[in-house]
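Letter by letter, the chains look like this.
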Amino acid sequence: MSDKNFSPAPDQAPCHPCKPMETPASGLSPIDPAWLNNPKVHTVLDVRELPPPEPLQKILEATALLPKDMELIVYHNRIPALLYPRLQERSMWVETVEQVEHGVVLIRIGHTTHQP
């Protein structure tokens, strides 16, 4: 049985390699306008409500479809530690901003040939 709302007690270390956020996201977090207003943003993906491993799968699917000169923005509820090596294997760069006060992790992804 899986409970997607499960989170470890504050004094309990999570067993998953990703870092759970302390508060649930209740809506879109404020995001740096330079990210969203950037004409290179191809897709904005929200995976906060998906149970593992779906966020990883959805992000990797989106990166496979990402044009070489475009970027992907992801709203996540945790730092996706397993994602970073996969992106490196695909010659992609990543920028991560953790917004604890909003319970969201913002991730920007692109191809290394078009790194900002």
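One can find the structure itself at the top, above this paragraph.
All values derive from a computational prediction rather than experimental measurement.

Q: What exactly am I supposed to notice about the overall build of the chain here?
A: Assigned secondary structure in the chain consists of 3 helices and 6 strands. Each helix and strand of the chain, placed in order from N terminus to C terminus, yields the pattern β-α-β-α-β-β-α-β-β. In the chain, buried positions account for 35% of the 116 residues. Carbon together with sulfur atoms contributes 55% to the accessible area of the chain, which is approximately 7,300 Å² in total.

Q: Sorry, what's going on with the sheet that holds strand β2 (residues 41–46) here?
A: By definition, the strands of a sheet pair up through backbone hydrogen bonds, in either a parallel or an antiparallel sense. Pairing in this open sheet of 4 strands is mixed, and the strands run β2-β3-β6-β5 from one edge to the other. The open sheet has two edge strands, β2 and β5 (92–99), and neither has a second partner. Strand after strand, the sheet turns through a mean of 15 degrees between neighbouring axes, direction not considered. The pairing of strand β3 (residues 71–76) with strand β6 (residues 104–111) spans 6 bridges and is classified as antiparallel. Across the sheet, residue Glu71 finds its bridge partner in β6, namely Gly110. Here helix α2 (residues 54–64) sits on the sheet in contact with β2, β3, β5 and β6, set at roughly 170 degrees to β3.

Q: How should the pairing of β6 be read in this particular structure?
A: Along any regular strand, the residues point their side chains to alternate faces of the sheet. Of all 8 residues that make up β6, 8 are buried, and the element is covered over most of its length. Where β5 and β6 come together, 8 bridges link them in antiparallel fashion. Residue Glu98 lies in a different strand from β6, and its bridge partner there is Val105. A loop of 4 residues connects β5 with β6, the two strands running antiparallel in sequence, and Gly103 in this loop sits at a positive phi of about 65 degrees.

Q: Whenever I open this one, the side chain of His111 confuses me. Can you help?
A: Relative to the elements of secondary structure, His111 occurs in strand β6. Taking the relative accessible area as the measure of exposure, His111 reaches 9% and is therefore buried. Once residues lying within four places of it in the same chain are set aside, the contact partners of His111 are Thr63, Leu66, Pro67, Lys68, Ser91, Met92 and Trp93.

The rules behind the values
Residues numbered from 1 in each chain as written. Predicted model: local features only at pLDDT ≥ 70, side-chain atom pairs only at ≥ 80, totals over all residues. Heavy atoms only, no water. Helix = DSSP H or I, 4+ residues; strand = E, 2+ residues; numbered from the N terminus. Buried < 20%, exposed > 50% of the residue type's maximum accessible area, 1.4 Å probe, protein only. Areas by Shrake-Rupley, 256 points an atom, 1.4 Å probe, with all protein chains shown as cover. Pairing = 2+ DSSP bridges. Axes fitted to C-alpha atoms, helices over the stretch in contact; angles between N-to-C directions. Contact = heavy atoms within 4.5 Å.

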